[in-house]
Each structure stands twice: as structure tokens, then as C-alpha cells.
Amino acid sequence: MKKLLIGALVMLVVAGCARNRFDYIDIASSERALAALEAGFKAVPDSVADGRTVYLLSQGVPVADVLVYAGETGDVLFKDPAVPFGYACETVGTDVLMDSLHVKAGRLYTDAGLNARMLYLQDARMSLPVLNKISDFAARGAFIGGVKPANCLKKDDETVFQRTVEKVWLTGNVMSGRTVKSILKAAGVKPDVKTKADSLYFQHRRLPEVDIYRICNLGKSSGNVKLRFRVQGRQPFQWNPDTGEITPVSYKLKKRSTKVTLRTVPGDDTFLVFGSFAERKKLKVK
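Residues numbered from 1 in each chain as written. Predicted model: local features only at pLDDT ≥ 70, side-chain atom pairs only at ≥ 80, totals over all residues. Heavy atoms only, no water.

A. Layout of the overall build of the chain. When you go through the chain residue by residue, the secondary structure sums to seven helices and 20 strands. Oriented by its inertia axes, the alpha-carbon framework of the chain measures out at about 65 × 60 × 35 Å. Expressed as a percentage of its 286 residues, the buried residues of the chain come to 45%. Across the chain, every contact between residues at least 6 apart in sequence was considered, and the portion connecting residues at least 24 apart equals 71%. Taken as a whole, the chain presents about 15,500 Å² of accessible surface, with 55% of it coming from carbon and sulfur. Of note, the chain has its 44 positive side-chain charges centred 12 Å away from the centre of its 29 negative side-chain charges. (Helix = DSSP H or I, 4+ residues; strand = E, 2+ residues; numbered from the N terminus. Buried < 20%, exposed > 50% of the residue type's maximum accessible area, 1.4 Å probe, protein only. Contact = heavy atoms within 4.5 Å. Areas by Shrake-Rupley, 256 points an atom, 1.4 Å probe, with all protein chains shown as cover. Lys, Arg positive; Asp, Glu negative; His and termini not counted. Charge placed at Lys NZ, Arg CZ, Asp CG, Glu CD.)

B. Up close: the pairing of strand S12 (residues 200–207). Of all eight residues that make up S12, six are buried, and the element is covered over most of its length. The pairing of strand S1 (residues 61–62) with S12 spans two bridges and is antiparallel. By the bridge assignment, Val-61 is partnered in S12 with Arg-206. The pairing of S12 with strand S13 (residues 210–217) spans eight bridges and is antiparallel. Bridge pairing in S13 places Arg-205 opposite Ile-212. The hairpin turn running from S12 into S13, its antiparallel successor, is two residues long. (Pairing = 2+ DSSP bridges.)

C. Region of interest: the nonpolar core. With 27 residues, the main nonpolar core has Leu-119, Phe-137, Ile-144 and Trp-169 as its most contacted residues. When residues of this core are traced back to their parent elements, those giving at least two are strand S2 (66–69), strand S7 (118–121), helix H5 (128–139) and helix H6 (158–168). Considering every element that reaches this core, the biggest residue donor is H5, with six residues. In contact with Ile-144, other than residues within four places in its own chain, are Leu-119, Leu-121, Ile-134, Phe-137, Ala-138, Trp-169, Asn-173, Val-174, Met-175, Ser-176 and Ile-183. (Core = buried A, V, L, I, M, F, W, Y, C linked by side-chain atoms within 4.5 Å.)

Put into C-alpha cells, the structure is as follows:
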């Protein structure tokens, strides 16, 4: 009987710690992180223009689904690779790609904590060491898109370079000539933010136990908008950067996401912060 009670207690603890995207929420750690974030947010004086916005956007690391690599030569300008709304991209340089970027379970991670599902190449010219690194990423399950390498920067390596390209570009998760949207779909990556409103802009930053979303209304319409966030198990609150107020919003927890109803006006610039463990599956705020 004692063993059964202990087992049941363990199951309750595990069930109460359902994690947002991967495994479990550490409730105590989440509450500490949220309390520290809130203290810093409220400590910003009203007199500092955009102070609370700058503060929140300086926390954690940006969330991206696509990492864009412009190349080694420095003469290729970054171009938006037509990432559809709901996803985000970040750029990485050669130093990060070679020294900091690694793959785990098919995702690309940097030492700083940024992670993505896809690497997008913008320059067909590269050195053999960089190509070998990309080859390793592909072998470990990372999705590769963008241009197919065509020219080795060191002529002495050209033969090995071309042989490596042909081998790597036969891999199923390497998809040059495909749109970013189609590659993300093939990788099974759901949008970070999904909405029918066509005038919204978002940014997403993540702390270990807190997700911060900046939501801007760039249109001319007012009213309630419905959004679906790729966050699970945590209650969203609206953080007003102009007043410092923190208020609950209407939400509904889904299996792998959270639906939120948000009131917006033209030019609105606000934040939704997910940190607290959601004790209720849904909440309606009047």
C-alpha cells in the first residue's frame, strides 16, 4: 500500500509539471524566473522612453525556426528568405557556424541557447571546411535549404568539394530549390504564432522557463484578435510597456499550443508573457 501511495504521488507531480514544448515545466524555477523578470520590468521608470520594451527585448535569446547563413566572403548582403508569417529567422556568421553551432535531435543549437530547425544558405561559394560542417549538420538530421554550393573558395579542394556536395545534396533533408514554407512543413515545424489577422507583427524571446512575445498591430483596425502560440501548459499575461501593468488575458490550452484572445487598437505595441503554470485549461476575461 505504501509503495502504491508513493507511486501515485510521483505520477501527480509529473502530471502537474507538463512542459511547454519538450518535457516538463519546473514550476519553482519558472516562478523565480517570472518574479525576477517582473521586478526588472516594474523597476524601469516611466520617464525612460520605450524603457520597458527595450528591457523585455533584451531578455533571453531570440526564438527562430530558420538560421540564415550569408556566407564567408562578406560580399553577400542578407536577404529575407521569404519566411512566412508565424516563423522567424536569425542570421549566423561563419564563426558561429564553425565553432558554436551543433545539432541535437535534428535541431540546430548555438552555445548561447538559440535553436532552429533549418539552416538556409545564401551563397553558392564556400570553403571545404564550411561545407564539411554543413554536411555534418545534414547527417545529424538538420534541414538545409537555400542555394546549392557550386564553387569552392580554394581551387585545390575543388574535386573533394564537388564530390561532397553531390553526396550531401542527395540527402532527404537537404532541399535546395524549395521554399522555406515547404521545407518547414516537411520538417513538421508548426508556426510559432498563428492568426487570421494580417496586420500583426511579432517577436519572440525565450528565457529557460519564460516565453516573451511582442505583439504589434500595424494596421488600422481595432477589436479582439485570436492567436495560437506554440507554447503549452503556461498561462499568458499581458504586459503593458507604457504603464507597467500586468493583466490576465483570455486563453484556452490546447494539446500542443495555447489560444489567446487579445484586444488590440491601431499602433498597439504590447507583450504577452508565458511563465506561470496554468492551473486552469481556459480563462475568459471580460
